Amino acid sequence: MLSIANVSAAQAENYYEADDYYTRDLDDADTGTPSATWYGKGATKLGLTDDFNQSTFQQLLHGEGPNGESLHARKIDPDHHRAATYCTFSAPKSVSIAALIQGDARVLAAHDQAVRTALSILETRYAQTRIRRPQGERERVTTGNVVAAIFRHETSREQDPQLHSHCVLINATQLDNGQWRGLSNEAIVAHQKLLGEIYQNELAYQLRQHGYDITPTATGQFELTGYGAELLNTFSTRTQQIETYLEKWEQKLTETGGAPLHRSQQKQATLDTRRRKTTVPRSVLLTGWAETIQAQGLTLPEVPTQDIDLSQTSQTAAHAAATLGLDHAAERESVFKQAKAERFALEHGLGQQNLADLHQALRHHPNRIVIDDQRLTTHTALERERETIQMMVGGQGQVDPIATSAEVNQQLSDALSLTSGQREAIWLSATTCDRIIAWQGVAGSGKTHSLNLYARIAQDQGHDVTGYAPSAQAANVLHQDTGIPTDTVAHLLHTPDPAPADLNRSSRKSPIWIVDEAGLLSAKDAHALLQKAEVHQARVVLVGDTRQLSAVEAGNPFKSLQEAGIQTAILGYCKRSCNEVQ
């Protein structure tokens with residue numbers, strides 16, 4: 001699991017200097033590998049290649065390099081400066097138990113490797129800064145370097161075993177010209193799920209190589225097979241046994257003159273306040289955890305000792321995962337970012353391949369086409385888009401108008417409240433000879449009111465009018481607003497077609513399908529919808545807005561059809577906004 005948060009200068013003072021949160025228990029972590037390390041190409045450029053140094057870390061938090069040089073273009077305001085972005089990679093509970101209670105050092109190494117794999121993608125793709133172009137515009141550019149410190153911790157605030165690493169990304173990155181700028185973290189936050197999935201996948205794969213079996217969970221994560229729910233739950237909260245043992249430890253410290261635990265460190269956290277993390281010697285924790293297991297009558301699975309070579313199976317699984325990922329991404333849009341394919345591949349092949357093999361399979365996949373350094377497409381996607389556009393073009397000039405211009409103008413003459421854009425949409429839809437047309441309009445432009453009048457005109461002329469939408473909620477709204485029968489696009493596509501004899505339209509007028517929120521249609525569904533419309537000889541009105549969230553990417557079918565010349569009515573006047581202003 002990956003969590004991300006910003007740290008201000010004031011918080012930095014509290015966490016890193018006063019509480020010393022990230023460094024206070026490092027001396028007790030006798031695991032054979034460093035618990036605090038520098039990371040990143042930016043750190044290397046600053047000469048941070050030796051052991052971790054806390055004073056240097058504090059300098060970085062305040063925007064200064066090791067030699068006192070400024071890491072920002074302008075003087076920073078310490079009261080409002082974002083000192084860092086920190087990412088916390090947390091291992092599943094069963095992994096924590098195997099690493100910390102059962103003492104399998106290979107699990108610690110697997111966790112560290114998984115963290116670094118995720119950070120390598122973060123640094124290469126998503127480390128960015130803002131620069132000002134000569135024209136005055138500000139632009140985000142990828143720098144490919146970060147300055148980071150990684151702190152591996154082994155317990156939760158309740159002293160349960162919880163293997164996790166805090167990766168503190170200093171708010172600094174270097175441009176190609178050597179100048180330092182602030183680190184823009186928008187892309188990092190936007191790809192939080194992908195980075196978390198990369199960590200989970202690499203961890204699961206490494207553990208499988210060490211002989212562990214994994215069991216995926218409903219949350220998209222995994223647990224080690226054989227670690228039962230009772231065992232996991234026991235170490236997922238501050239158990240009574242550990243609390244009792246800590247009380248005994250404090251009593252012993254008091255009797256021997258040691259400093260007792262502070263009262264605030266012993267209280268149960270309230271719902272809105274976290275306990276302050278305390279430092280407990282490793283030997284004390286191990287004894288406490290062992291006593292908890294014995295008191296609960298629990299047993300631990302055997303630690304596997306035989307490593308397994310998964311290199312061949314990883315390559316095979318990577319090709320299958322790459323195929324799934326590319327196919328899934330191309331179903332949404334004909335042009336997509338590689339991260340979309342990666343996410344689906346990792347979600348459905350957790351731990352079956354390492355990231356390097358997945359990237360290799362994606363790079364050499366026969367269905368993959370590179371558009372630029374950010375975007376991909378596939379041969380399948382391009383063919384689907386070509387056929388979708390061809391069906392639209394093939395229906396141009398192929399149907400009779402629903403009504404004459406005089407009949408439409410008569411209907412419009414009674415609708416005095418319509419805007420010019422609404423009138424144009426109704427007039428176009430009723431008089432067009434194209435089988436497939438589009439309505440493009442922003443929210444509040446009166447689309448549903450216009451659709452209501454258009455539906456009445458079509459029904460008066462003997463056409464069956466039904467509405468469809470990508471979601472059930474949108475379909476219900478369309479029905480409430482227009483009164484026409486509605487359903488989801490998915491239901492329409494999965495409804496078996498009637499026998500050919502029943503589709504003979506010689507004595508019946510063609511049905512009309514109004515598809516609302518067409519900007520949210522996937523490329524696959526848009527293609528299947530137009531195919532089904534051809535079978536039913538149905539007329540189609542695609543209603544939507546290319547500026548909807550899922551339509552901003554290139555390759556969205558609603559946008560592609562408009563670019564290919566589908567007859568489109570523009571309802572640009574936002575009546576809702578104007579009425580609200582009045």
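What counts, and at which threshold
- Residues numbered from 1 in each chain as written.
- Predicted model: local features only at pLDDT ≥ 70, side-chain atom pairs only at ≥ 80, totals over all residues.
- Heavy atoms only, no water.
- Helix = DSSP H or I, 4+ residues; strand = E, 2+ residues; numbered from the N terminus.
- Buried < 20%, exposed > 50% of the residue type's maximum accessible area, 1.4 Å probe, protein only.
- Contact = heavy atoms within 4.5 Å.
- Areas by Shrake-Rupley, 256 points an atom, 1.4 Å probe, with all protein chains shown as cover.
- Pairing = 2+ DSSP bridges.
- Axes fitted to C-alpha atoms, helices over the stretch in contact; angles between N-to-C directions.
- Phe/Tyr/Trp six-rings, centres within 6.5 Å; stacked < 30°, edge-to-face > 60°.
- Disulfide = S-S within 2.5 Å.
- Polar contact = N/O pair within 3.5 Å; in protein donor to acceptor, adjacent residues only side chain to side chain.
- Right-handed = clockwise from strand over helix to strand, strands pointing away.
- Core = buried A, V, L, I, M, F, W, Y, C linked by side-chain atoms within 4.5 Å.
- Domains from an automatic or database assignment.
- Parallel < 35°, antiparallel > 145°, perpendicular 65-115°, else oblique.
- Left-handed = near helix turned anticlockwise from the far one by under 90°.
- pLDDT = per-residue confidence, 0-100.

Observations concerning the overall build of the protein chain
Counting its secondary structure elements, the protein chain contains 23 helices and 20 strands. Residue burial in the protein chain is summarised as follows: out of 582 residues, 51% are buried. Across the protein chain, contacts joining residues at least 24 apart in sequence account for 74% of those joining residues at least 6 apart. Total accessible area on the protein chain stands at roughly 27,400 Å², and carbon and sulfur atoms take up 48% of it.

Concerning the sheet that holds strand E1 (residues 2-8)
Sheet strands pair via backbone hydrogen bonds, and the direction of the pair is either parallel or antiparallel. The strand order E1-E3-E7-E6-E2 describes an open sheet built from five strands, whose pairing is antiparallel. Each edge of the open sheet carries a strand with a single partner, namely E1 and strand E2 (36-39). Direction aside, the axes of adjacent strands within the sheet are offset by 25° on average. Here strand E6 (residues 148-155) pairs with strand E7 (residues 161-170) via seven bridges, running antiparallel. For Ala148, the partnering residue across the bridge sits in E7 and is Leu169. The strands that helix H4 (residues 93-101) touches are E6 and E7; relative to E7, the one it contacts most, it runs at about 100°. Running over the sheet, helix H5 (residues 105-126) touches E2, strand E3 (82-90), E6 and E7 and is turned about 30° from E7.

Considering the sheet that holds strand E18 (residues 512-515)
Spatially, the six strands line up as an open sheet ordered E17-E16-E18-E19-E15-E20, and their pairing is parallel. Looking at the sheet topology across the chains shown, the edges are occupied by strand E17 (486-488) and strand E20 (568-571). The sheet shows a mean angle of 20° between the axes of neighbouring strands, taken without regard to direction. Pairing of E18 with strand E19 (residues 539-544), which is carried by four bridges, proceeds in the parallel orientation. If you follow Trp513 over to E19, its bridge partner there is Val540. Lying over the sheet, helix H19 (residues 472-482) contacts strand E16 (465-469), E17 and E18, oriented at roughly 170° with respect to E17. Along the sheet, helix H21 (residues 523-536) makes contact with strand E15 (436-441), E18 and E19, crossing E18 at roughly 165°.

Section: the environment of Thr217
Looking at the secondary structure, you find Thr217 in the loop between strand E10 (214-216) and strand E11 (222-224). Apart from residues no more than four positions distant in its own chain, Thr217 is found in contact with Phe222 and Glu223.

Let's talk about the packing of aromatic side chains
Scanning the entire structure with this criterion turns up seven aromatic pairs. Seen in terms of ring centroids, Phe52 and Phe151 are 5.1 Å apart; in terms of plane orientation they differ by 85°. Their pairing is edge-to-face. Of this pair, Phe52 sits in the loop between helix H2 (41-45) and helix H3 (54-61) while Phe151 sits in strand E6, placing them 99 residues apart in sequence. In this structure Phe52 comes out as buried when scored by relative accessible area, which is 19%. Relative accessible area serves as the criterion here: at 0%, Phe151 is assigned to the buried category. Judged by centre distance (6.2 Å) and plane angle (55°), the ring pair of Trp439 and Tyr454 falls under tilted. Highlighted residues: Trp439 in strand E15 and Tyr454 in helix H18 (residues 447-460), separated in sequence by 15 residues.

Concerning the state of the cysteines
Scanning the entire structure with this criterion turns up zero disulfides. Note on Cys167: no disulfide assigned, nearest cysteine sulfur contributed by Cys87 at a separation of 6.3 Å.

Some remarks on the side chain of Thr377
When you line up the elements, Thr377 lands in strand E14 (residues 375-378). Residue Thr377 is classed as buried on the basis of its relative accessible area of 2%. There is a polar contact of 2.4 Å between the side chain of Thr377 and the backbone oxygen of Ser334. Once you skip the residues sitting within four places of it in the chain, Thr377 turns out to touch Ser334, Phe336, Asn367, Arg368, Ile369, Ile371 and Leu382.

A few points about the pairing of E19
For E19, a buried count of six out of six residues is recorded, marking the element as mostly surrounded by other parts of the structure. Side-chain alternation along E19 places Arg539, Val541 and Val543 on one buried face and Val540, Leu542 and Gly544 on a second face that is also buried. In this fold, E18 hands off to H21, which returns the chain to E19; that crossover is right-handed.

Some details on the nonpolar core
By size, the foremost hydrophobic cluster in this structure holds 71 residues, and its most contacted members are Phe89, Leu203, Leu207, Phe222 and Leu224. Both domain 1 (2-235 + 286-304) and domain 3 (309-378) contribute no fewer than three residues apiece to this core. Those residues within four positions of Phe89 in sequence are excluded, and the remaining contacts are Met1, Leu2, His111, Val115, Ala118, Leu119, Leu163, His164, Ser165, Cys167, Leu195 and Tyr199. Residues Ile437, Val465, Leu478 and Ala569 belong to the second largest nonpolar core, which totals 27 residues.

With respect to the packing of helix H12 (residues 311-332) against helix H14 (residues 355-363)
Relative placement of two packed helices is described by the angle separating their axes and the distance separating the axes. Packing of H12 against H14 brings their axes to within 8 Å, and their N-to-C directions diverge by 55°. When the interaxial angle is binned, H12 and H14 end up oblique. Where H12 crosses over H14, the two elements pack in a sense that is right-handed. Residue-level inspection shows Ser311, Ser314, Gln315, Ala318, His319, Ala321, Ala322 and Leu326 of H12 in contact with H14, the latter providing Asp357, Leu358, Ala361 and Leu362.

Comments concerning H14
Every buried residue of H14 is accounted for by Leu355, Asp357, Leu358, His359, Ala361 and Leu362. The elements touched by buried residues of H14 are H5, helix H7 (192-209), H12, helix H13 (338-348) and strand E13 (368-370).

A short note on the confidence of the model for the protein chain
Summary statistics for the protein chain give a mean pLDDT of 84 and a share of 82% for residues scoring 70 or more. Across residues 262-274 the pLDDT falls below 50, and counting only partners more than four positions away or on other chains, this stretch makes 14 contacts in the model. Taken together, the stretch residues 549-553 has pLDDT below 50 and engages in 16 contacts with residues farther than four places along the chain or on a different chain.

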